[in-house]
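Given next are the chains, with one letter for each unit.
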Amino acid sequence: MRAVICKEFAPYKNLTVEEVADPQAGQGQVVIDVKAAGVNFPDILLVEGKYQMKPRLPFTPGGEVSGTIAAVGDGVEGFKEGDRVVAATLLDGFAEKVVTAANQVAPIPENMPFDEAAALITTYATTIHALKQRAELKSGETLVVLGAGGGVGTAACQLGKAYGARVIGCARGEEKLAAAKQAGADELVDYDSEDLKARLKELTGGKGADVVYDAVGGGYSEQAMRALGWGGRFLVIGFAAGDIPKMPLNLALLNSRDIRGVFWGAWAGQFPQENGRNMAELFELYVAGRIKPMVSASYPLEEVTNAFDDLVQRRVKGKVVLTT
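It should be emphasised that the depicted structure is a prediction, and the values quoted were computed from it without experimental measurement.

Asker: Describe in detail the pattern of salt bridges, supporting the description with residues and values.
Answerer: Tallied over the entire structure, the rule returns 21 salt bridges. One salt bridge in this structure joins Asp192 and Arg172, with 2.6 Å as the shortest N-O distance. With Asp192 in the loop between strand E10 (187-190) and helix H6 (196-203) and Arg172 in the loop between strand E9 (166-171) and helix H5 (174-182), this pair connects stretches of sequence that are 20 residues apart. The exposure class assigned to Arg172 is partly exposed, which follows from its relative accessible area of 34%. As a salt-bridge pair, Asp310 and Arg315 come within 2.6 Å of each other at their nearest N and O atoms. The exposure class assigned to Arg315 is partly exposed, which follows from its relative accessible area of 40%. What you see here is one network of salt bridges that share partners, running through Arg2, Glu96 and Glu302.

Asker: Which residues make up the side chain of Glu281, and what values go with them?
Answerer: Position of Glu281 among the secondary structure elements: in helix H10 (residues 272-287). You can call Glu281 buried: its relative accessible area is 19%. Within polar-contact distance, the side chain of Glu281 engages the side chain of Tyr163 at 2.8 Å. With near-sequence residues (within four places) excluded, Glu281 lies in contact with Ile128, Lys132 and Tyr163.

Asker: Please give an account of the sheet that holds E9 that cites residues and values.
Answerer: Overall, parallel pairing links the 6 strands, which are arranged E10-E9-E8-E11-E12-E13 in an open sheet. Since the sheet does not close on itself, it has two edges, and those belong to E10 and strand E13 (258-261), each with one partner. When strand polarity is set aside, the average angle formed by the axes of neighbouring strands in this sheet is 20°. When strand E8 (residues 142-146) meets E9, the two strands line up parallel, connected through 5 bridges. Bridging from a neighbouring strand, Leu143 pairs with Val167 of E9. Running at roughly 170° to E8, helix H4 (residues 151-162) makes contact with E8, E9 and strand E11 (209-214) of the sheet.

Asker: An account of the nonpolar core is requested, with residue identities and associated values reported.
Answerer: Ranked by internal contacts, the top residues of the largest apolar core, which has 45 residues, are Leu143, Leu159, Tyr213 and Leu235. At the level of secondary structure, the elements contributing two or more residues to this core comprise helix H3 (121-134), E8, H4, H5, E11, helix H9 (264-270) and H10. Within the second largest apolar cluster, 35 residues are counted, among which are Cys6, Ala87, Leu91 and Val316.

Asker: For H3, give the residues involved together with the corresponding values.
Answerer: Taking 1.5 Å of rise per residue, 14 residues should cover 20 Å, and H3 covers 18 Å from first to last C-alpha, within 8% of that figure. In terms of residue burial, H3 counts as a mostly covered element, since 11 of its 14 residues are buried. Along H3, the residues that are buried comprise Ile121, Thr122, Thr123, Tyr124, Ala125, Thr126, Thr127, Ile128, His129, Ala130 and Leu131. Taken from the residues just after H3, Glu136 is the one with a positive phi, measuring 55°.

Asker: Explain H4 residue by residue, including any values.
Answerer: Between its terminal C-alpha atoms H4 stretches 17 Å, which fits the 16 Å expected from 12 residues at 1.5 Å a residue. Residues Gly151, Gly153, Thr154, Ala155, Ala156, Cys157, Gln158, Leu159, Gly160 and Ala162 constitute the buried set of H4. At the C-terminal side of H4, Gly164 shows a positive phi close to 85°.

Asker: An account of the pairing of strand E3 (residues 29-39) is needed here, citing residue identities and associated values.
Answerer: With 8 of 11 residues buried, E3 lies mostly within the body of the structure. Direction of pairing for E3 relative to strand E6 (residues 97-101): antiparallel, over a ladder of 5 bridges. Residue Val30 lies in a different strand from E6, and its bridge partner there is Thr100. As judged from the 7 bridges shared by E3 and strand E4 (residues 64-72), these two strands associate in the antiparallel manner. Residue Ala37 lies in a different strand from E4, and its bridge partner there is Val65. Summarising the sheet, E3 and strand E15 (residues 319-323) pair through 4 bridges and their orientation is antiparallel. Each residue of the ladder has a partner; that of Gly38, found in E15, is Val321.

Asker: Describe the packing of H3 against H4, listing the residues and the values that go with them.
Answerer: At their nearest, the axes of H3 and H4 sit 9 Å apart, and the two run at 50° to each other. Our classification of the angle between H3 and H4 gives oblique. Note on packing geometry: the crossing formed by H3 with H4 is right-handed. Two secondary-structure elements touch here, H3 through Thr123, Tyr124, Thr127, Ile128 and Leu131 and H4 through Gly151, Val152, Ala155, Ala156, Gln158, Leu159 and Gly160. Tallied by class, the residues present in the contact of H3 with H4 amount to 7 nonpolar, 5 polar and no charged.

Quick notes on the rules
- Residues numbered from 1 in each chain as written.
- Predicted model: local features only at pLDDT ≥ 70, side-chain atom pairs only at ≥ 80, totals over all residues.
- Heavy atoms only, no water.
- Salt bridge = Lys/Arg side-chain N within 4 Å of Asp/Glu carboxyl O.
- Helix = DSSP H or I, 4+ residues; strand = E, 2+ residues; numbered from the N terminus.
- Buried < 20%, exposed > 50% of the residue type's maximum accessible area, 1.4 Å probe, protein only.
- Polar contact = N/O pair within 3.5 Å; in protein donor to acceptor, adjacent residues only side chain to side chain.
- Contact = heavy atoms within 4.5 Å.
- Pairing = 2+ DSSP bridges.
- Axes fitted to C-alpha atoms, helices over the stretch in contact; angles between N-to-C directions.
- Core = buried A, V, L, I, M, F, W, Y, C linked by side-chain atoms within 4.5 Å.
- Expected span 1.5 Å × (residues − 1).
- Parallel < 35°, antiparallel > 145°, perpendicular 65-115°, else oblique.
- Left-handed = near helix turned anticlockwise from the far one by under 90°.
- Nonpolar A, V, L, I, M, F, W, Y, C, P; charged D, E, K, R; others polar.

This is the structure we're talking about:
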């Protein structure tokens, strides 16, 4: 089979696509014929050795896939060859086949396209955990989404609306703001041309927002933190801007604000049953038409660097996927 190979922690332009041996299903495992694989910013960090963990070299990146079951290992129940599924794999997803533990696999609705299924796992699972378990978002509250035109941003806009929040989508430029609007944002803020703190205060009538969902970092984080009202919750999702902000802690003291980290992968490993309930809820929301992953581009495996370019250069509106 063909697979993307990372041989050294280096710029992602060094990735290659090579022929490797097909994986085999062991005890409690399944092999999936990959139809699509979601591409995420942490994949770039892994390849370049900048993530929290460093895989053993060489390795194949790719943490979320959709496809059909090709083989079932001993001890696996509930799956058979040909089943349409998604899986959270952490690694090995950018390939024509992947082997993974059966407990990391979930069936997908028959009418769900494979590219949308592959775009659902990381961004929506991160976001539902962020809004439910970490922010405890309530109907009627105001949710501010930074990077609202990207993958996790559009997921946050959609899920925020599904949970009854008023969503303020913040992004750079007309195209990203249009994607946020399509994802359900009630109000839009262009943080390149507007004063973010002042505009958020204006849109909330001076009260301040209840929750900030920040997947961007950089210079926008502190402005958004200052726009939180009493008891506001600031969710740390990631740092797509590249810079990790140094937040003045007096901002947490003022208005009794909370800063809450969101690390879905680690949480899911510790609380698999609760994560499973979240995933089931996501598919229910999809079937009901209340969420829909936005796929802005699709590339074959051989063009993995083009997909990464889209992320780095912020051309992605929603998600980008690789197909086999």
